[in-house]
Amino acid sequence: MRWIDKRLLRFRALFSRARVEQELDDELRFHWQQQIEENLAAGMSPEEAHYAAQRVVGDLAQLKDECRDTRGVAWIETSVHDLRYGWRMLRKSPVLTIVAILSLAIGIGANTTIFTIIDALMLKMLPVKNPSELVQFLHFFQEQRSSFSYPWYEHFREHSHSFAGVFAVSGINALKLRES
Amino acid sequence: MGKPSDLVQGTLDLLILKTISLEPKHGWAIAKRIQQISAEVLQVQQGSLYPALHRLEQQGWIKAHWDETEGGRKAKFYSLSRAGRTQLEKELAQWDRLSTAINLVVQTNEA
């Protein structure tokens, strides 16, 4: 159950940080004390023994850092610190915060609205049952495309037998009709 | 008399796993044991031992628990996990291959 052990250790490193730190401290202190005792047993004076042990141990802060790095949660801790820092900064200047939030809200809102319109008008297929059965009537007059008058449309609607229905639109170019 | 990791990279992990394979040991005892068995040739510095122990623990190869030493002090003892035992066998086999290969190269008479 190696992955469970690993998750548990991560969890512990994040949520029992004080204890994990205390244990690291105790562990390294134990090593240091053992070193002092060995030095004493070798015939050093207590002062010498302390000094020599200190030299062997080296830079304790750096050693601790290296041990912490193995926990693999540093990036989470840093992110949390960053979030907290950001939050504090935002609270320090409420006016700027409100302006920033409003700008974002308006910007995102406007974009969403515009996209919704474009999506409905240009991207989505017409909301009919079988788009492939749609037929488009066009009217040309002297090689120029022109429109049907409304009575024409009514005539089509009343006298059509081949179609399930007839509808008219104006501004046909704004609609996406797939030709097939 | 450098750190073992100066000699062959990755060897320290193998030395640690091997040293605690018989019984749980704390960091100090692991360092002393390696030093003693290697006839004082390998001296594991605290600066490389503890990061290695913590890394091995995070990887799930070894487990830690707090216990009393013979001297009545509290110490963090490390023991092999089941995955660690498999890992030790893997690393031993790898070491065997590597050291045999290096021996073949350095002991050859045909230069």
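Above this text sits the structure in question.
Below is a short write-up of the structure. Just so we're clear, the structure is a prediction, and the values are computed from it rather than from any experiment.

## Description of the packing of helix α2 (residues 17-41) of chain A against helix α4 (residues 60-69) of chain A
A packed helix pair is summarised by two numbers, namely the angle formed by the two axes and the spacing between the axes.
Residue and element names in this part refer to chain A.
Moving on, step 1. Contact pair α2 / α4: the axes reach a minimum separation of 11 Å and the direction vectors enclose 130°. Considering their axes alone, α2 and α4 lie oblique with respect to each other. Taken as a pair, α2 and α4 cross one another with a handedness that is right-handed. Within the contact between the two elements, α2 uses Arg17, Glu21, Leu24, Asp25 and Leu28 and α4 uses Leu60, Leu63, Lys64, Cys67 and Arg68.
Moving on, step 2. Taken together, the residues of the contact of α2 with α4 break down into five nonpolar, no polar and five charged.

## Considering the interface of chain A and chain B
A common way to express how large an interface is: the accessible area buried when the components associate.
Moving on, step 1. Contact residues are listed per partner, giving 22 residues for chain A and 25 residues for chain B.
Moving on, step 2. Contact with chain B buries area across many residues of chain A, yet Glu27, Phe30 and His31 of chain A alone supply 28% of it, more than any other trio.
Moving on, step 3. For the pair chain A and chain B, the interface holds four salt bridges.
Moving on, step 4. For Arg73 of chain B, the salt bridge identified is with Glu37 of chain A, shortest N-O distance 2.6 Å.
Moving on, step 5. Run the count over chain A and chain B and you get eight residue pairs in polar contact (both at pLDDT 80 or more).
Moving on, step 6. Secondary-structure elements contributing two or more residues to the side of chain A that touches chain B are α1 (2-15), α2 and α4 of chain A.
Moving on, step 7. No other element matches α2 of chain A, which puts twelve residues into the side of chain A that touches chain B.
Moving on, step 8. By residue class, the composition of the side of chain A that touches chain B is seven nonpolar, five polar and ten charged.

## A short note on the pattern of salt bridges
Moving on, step 1. As enumerated under the stated definition, the model contains 16 salt bridges over all chains in all.
Moving on, step 2. Salt-bridge contacts for Lys63 of chain B lead to Asp5 of chain A; the nearest nitrogen and oxygen are separated by 3.9 Å. Here Lys63 of chain B is found in strand β2 (residues 62-68), whereas its partner Asp5 of chain A is found in helix α1 on a different chain.

Thresholds, definitions, all that
Residues numbered from 1 in each chain as written. Chains lettered and ligands numbered in written order. Predicted model: local features only at pLDDT ≥ 70, side-chain atom pairs only at ≥ 80, totals over all residues. Heavy atoms only, no water. Axes fitted to C-alpha atoms, helices over the stretch in contact; angles between N-to-C directions. Helix = DSSP H or I, 4+ residues; strand = E, 2+ residues; numbered from the N terminus. Parallel < 35°, antiparallel > 145°, perpendicular 65-115°, else oblique. Left-handed = near helix turned anticlockwise from the far one by under 90°. Contact = heavy atoms within 4.5 Å. Nonpolar A, V, L, I, M, F, W, Y, C, P; charged D, E, K, R; others polar. Buried area = accessible area lost by both parts, 1.4 Å probe. Salt bridge = Lys/Arg side-chain N within 4 Å of Asp/Glu carboxyl O. Polar contact = N/O pair within 3.5 Å; in protein donor to acceptor, adjacent residues only side chain to side chain.

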